[in-house]
Amino acid sequence: MQPDLSRLLRPRSIAVIGGGAWCANVIEQCHKMGFAGDIWPVHPNHDALANLRAYPSVDALPGAPDACFIGVNRHATIEVVRALRGRAAGGAVCFASGFAEASSECAAGASLAADLLGAAGDMPILGPNCYGFLNYLEGVALWPDQHGGIPCQSGVALITQSSNIAINLTMQTRGLPVAYVVTAGNQAQVGLAQIGAALLDDPRVTALGLHIEGVGDIRALEDLAAGARKLGKPIIALKVGQSDHARAATISHTASLAGSDAGARALFSRLGIGQVTSLPAFLEALKLVHVAGPLASSRVAAMSCSGGEASLVADAAHGKDICFPPLDTARAARLRTALGPMVALANPLDYHTYIWGDAPAMAETFTAMMAPDLGFGFVVLDFPRGDRCSAADWDVVIDTVKHAHAASGVPMGIVATLSENMPEPVARHLVEAGIVPLCGLDHAMDAIEVAAALGRPHTRPEPVFLAEPQGTETLNEAQAKVALAHHGATIPRAHRADSPDKIARLARDIGFPVVLKGEGLAHKTEAGAVKLNLADGDAVRAAAASMTCDGFLVEEMITDAIAELLIGVTRDPAHGFVLTVAAGGVLTELLQDSQSLLVPATRAEVRDALMRLKIAPLLMGYRGTAPAALEAVLDTVMAVQAFVMASPAHEIEINPLIVTADRAVAADALIRIEGDS
C-alpha cells in the first residue's frame, strides 16, 4: 500500500524535536529557504531554540505538525515517534543511527528497529539514519546541514540512500533544476520506490533520479516504473554496490559472466529505467530529460567550428547506441549555400570559423542540420573563463541555436567539452530557453544514449519471477541434461558406465565418432576429462583409462557446429533470476561476450539479446556460411526458463550449447539447487 507522504513532503507546519547544532540547523535552513509555515521546536529543558519558542513535549504543541525532524538518540526517537503518532502528525524524519544498519555491531539494533516500526504504526517515517529532505518548490528543509540548492518552479526529484551523496548533489553547478532531494536512510518503513511514487505525483516534478545502494522491494520498483510510464516521467538510476549473488560460491561460468551488477542492469532495462554509471552522467541525463524529455531516437546531429572537436564527438560516441546519420542531398545543398565551397560536409559537422559571428549564416547552418527524423542535435561550445575573458561573442551561437530549435522542432543542446567550460548562469539560461546545456563531452554522450533508450516504446513487462530454491543438491551432467530435456531442451544421445570396457561397448550403440567425459568434476576440460572425436572402441577405452574420475559419460559427437553458446541462469537474491546468453565453449573466458535478462524473458527479448552478442554474425551466417538454427536456440532458452520456474535452482548452465544449421544441442549442463531443505 502506498503511504500518504503529502503532509510530510509538503508541510504547512514543522516540529523540530531535540536540541544541539543539528536541530538548530534545521530551523536555520528552513528560514533560509523561506519556509512560510509554523516551526515548532520541542525540548524539555529549553524555553527557546534558534530564537523560536520551544515546547516541552510533543503533547504541548499547539497543533498536529505536518512534518517532524527528530534529532534525539535512538532510544528517545522511538518514544518521540510514538507521541507524534498519538498527535496524528503527518510524518517524521528519524535522524538517529544505531538501528538495523548496526545489527552486526549491536545486537539491540534489529529489535530497536522493530520497536520503531511499532511506534510509528501508519504514520510515515523516513530513515532512520538519514538527513531528511529538501523541497525546493515550497522552501521546506527538514535538513540538518548546508546544501547548495535554490528554489525553483519545476525540476527533477532526487532520492539517495546516502546523505553525503545527497549533500554533494545539491552542490552541482550544472544548471539542473532540482525540485526535491530526499534521503531514504535505512528504509525501515518507507522505501525508495514509495518515496519516488509520491514525488512523481507532484505535477511540478519532471523526472526522477535514483541513487541506489540496494534495490530492496522489487515489486514496489515494478509499480514505480509502471506509474512513471503512465505519467510520462522518466526515471534515471545510478546503481552502486555488489549484489549478494556475486559473493555466492559458484561452480559455473554463468555467475562470473553475470557479474555483480548484471541483475540490476537487467532489471532496470526490463522496467524501462535509464541507467548510468557515474554521478556526472546521472546529472546530465536528468538535465536532458528535464528539458527535452525522452528522445524520439538515437539519431543525432553534431556541429562544431573545430575539426578537432568534431573528431572528439565521434570518438566519444563510439561504442554507444548513438548514430550520426549522413547528410541527405537536400540538407547538403542548404549547407553548401550557407558555408561556401571550402567546408567538407559531414555529420558531425566542422563548420569552420568562416561564419563565426554571422548570425543568418549560423542560423541557416544549424537549422539545415536538423532533419525532422533526428532525436537530438547539439553544437559544441566551450565558454571562456568569466574572470579573465569576455564571452560576448558567444551570444550569437546561443541565439542561433535557439532559432534552429524553434525552426526545426527537434530538441537541441549546447555541449561544453569540459564541464568547467559551461558557466552555471549560462546553463540556467539555456534550460529556461528550452536548450539543453551539457557539461563534459563524454557525459553528454552518456546522457544522449540514456535519453534515447528511454524514448523507445515500452510496455509493462510480466512481473519478475521470485522464488526460493528448496533443498540442496547438485545434479551431475547426465541428470541435469535429462531434467532440461523434460522441459524441451535437445540433448545428445548418451550412455553412462563405471569402467573403460563398459563405456567402450556402449559407445558402439551411439555410433562413432563420440565424446567421452569423466564424471564428478565441475570443470572437466581443465582436468583433462573431456576427449573429443573418438573414432572407435579402442580410442574410447584408452581415453577412459587416462582419466581419474567417478564414472564415464559417452555421447554422440555433434559435428558441423556453426557456433557454441552459453545459456545460464543464476539466482540473484536482490533482483530475481538472471538469465545469461553468451559466447560459449572456449570463447566464454576469451570474449566475455554476454547479455543478461531476467526470468521470465519473452522469446523476442531473448532474440534481441542474442543479436547484441559479438558473435551474432556467426549465428546469422557469416561470410556466406549457413545461418545457425536460431529458433532451436530460442527453444533451448525457453526450456531453461521453464525448468527454473518449475523447479527454482540456484544455478543452471548449458555450456556449450552447440548450434548447427538445423539444431541446438546441450553438450554440457549443470544444475545446482541451494535453499532450505
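In what follows, the structure referred to is the one given above.
Position numbers for residues start from 1 in each chain and track the written sequence from start to end. Totals for whole chains, interfaces and linings use all residues, but because this is a predicted model, local features are given only for residues with pLDDT of at least 70 and pairs of side-chain atoms are given and counted only at 80 or more. Where side-chain values are given, they derive from all heavy atoms of the structure, hydrogens and water being excluded.

### Observations regarding the overall build of the chain
No. 1: Think of it this way: any DSSP run of H or I at least four residues long counts as a helix, any run of E at least two long counts as a strand, and we number them from the N terminus. A tally of regular secondary structure across the chain gives 23 helices and 30 strands.
No. 2: In this scheme, a residue with accessible area under 20% of its type's maximum is buried, one over 50% is exposed, and one in between is partly exposed, where area comes from a 1.4 Å probe on protein chains only. The buried share of the chain, taken over its 677 residues, is 55%.
No. 3: Pairs at least 24 apart in sequence give 71% of the contacts found in the chain among residues at least 6 apart.
No. 4: Each accessible area value is a Shrake-Rupley result obtained with a 1.4 Å probe; residue values ignore everything except the protein chains displayed when judging cover. For the chain, the accessible surface area stands at approximately 27,400 Å², while carbon and sulfur atoms represent 52% of it.
No. 5: A residue counts as positive if it is Lys or Arg and as negative if it is Asp or Glu; His and the chain ends are not included. Here the site of a charge means atom NZ of a Lys, CZ of an Arg, CG of an Asp or CD of a Glu. On the chain, the mean spot of the 49 positive side-chain charges and the mean spot of the 70 negative ones are 2 Å from each other. Should any heavy atoms of two residues lie within 4.5 Å, those residues are considered in contact.

### Description of unusual backbone geometry
No. 1: Cis rather than trans, the peptide bond between Asn347 and Pro348 has omega equal to 5 degrees.
No. 2: Inspection of the secondary structure assignment puts Pro348 in the loop between α12 (329-339) and β16 (349-350).
No. 3: Along the chain, Asn655 connects to Pro656 via a cis peptide bond; the corresponding omega equals 5 degrees.
No. 4: Its location among the elements puts Pro656 in strand β28 (residues 651-659).
No. 5: Backbone geometry places Ala50, a non-glycine residue, at a positive phi of 55 degrees.
No. 6: Structurally, Ala50 can be placed in the loop between β3 (48-49) and β4 (52-53).

### Some remarks on the packing of helix α11 (residues 307-317) against helix α16 (residues 441-454)
No. 1: The geometry of α11 relative to α16 is characterised by a closest axis approach of 9 Å and an angle of 50 degrees between their N-to-C directions. The angle between α11 and α16 places the two elements in the oblique class. In this structure, α11 meets α16 at a crossing whose hand is right-handed. Mapping the contact onto sequence places Leu312, Val313, Ala316 and Ala317 in α11 and Leu441, Asp442 and Met445 in α16.
No. 2: Residue classes in the contact of α11 with α16 are distributed as 6 nonpolar, no polar and 1 charged. To get an axis, a line is fitted to the C-alpha atoms, and for a helix only the part in contact is used. The angle between two axes follows their N-to-C directions and goes from 0 to 180 degrees. Note that the term roughly parallel is reserved for angles under 35 degrees, roughly antiparallel for angles over 145, roughly perpendicular for angles of 65 to 115, and oblique for everything else. Should the near helix be turned anticlockwise from the far one by less than a right angle, the crossing is left-handed, and should it be turned clockwise, the crossing is right-handed. Classification used: nonpolar for Ala, Val, Leu, Ile, Met, Phe, Trp, Tyr, Cys and Pro, charged for Asp, Glu, Lys and Arg, polar for all others including Gly.

### Comments concerning the pairing of strand β26 (residues 576-583)
No. 1: With respect to burial, β26 is a largely interior element, 8 of its 8 residues being buried.
No. 2: Pairing geometry for strand β25 (residues 563-572) and β26, over 8 bridges, is antiparallel. Directly across from Ile567, in β26, lies its bridge partner Val581.
No. 3: Here, any two strands with at least 2 DSSP bridges between them count as paired. Once β25 ends, the chain turns through 3 residues before running back antiparallel as β26.

### Thoughts on the state of the cysteines
No. 1: To count as a disulfide, a pair of cysteine sulfur atoms needs to be within 2.5 Å. Applying the stated criterion across every chain yields a total of 0 disulfides.
No. 2: Here Cys152 is not cross-linked by a disulfide; its sulfur's nearest cysteine counterpart is in Cys30, at 16 Å.
No. 3: Given a relative accessible area of 15%, Cys152 falls into the buried group.
No. 4: Distance from the sulfur of Cys439, which forms no disulfide, to the nearest cysteine sulfur (Cys152) is 17 Å.

Structural measurements only, silent on function.
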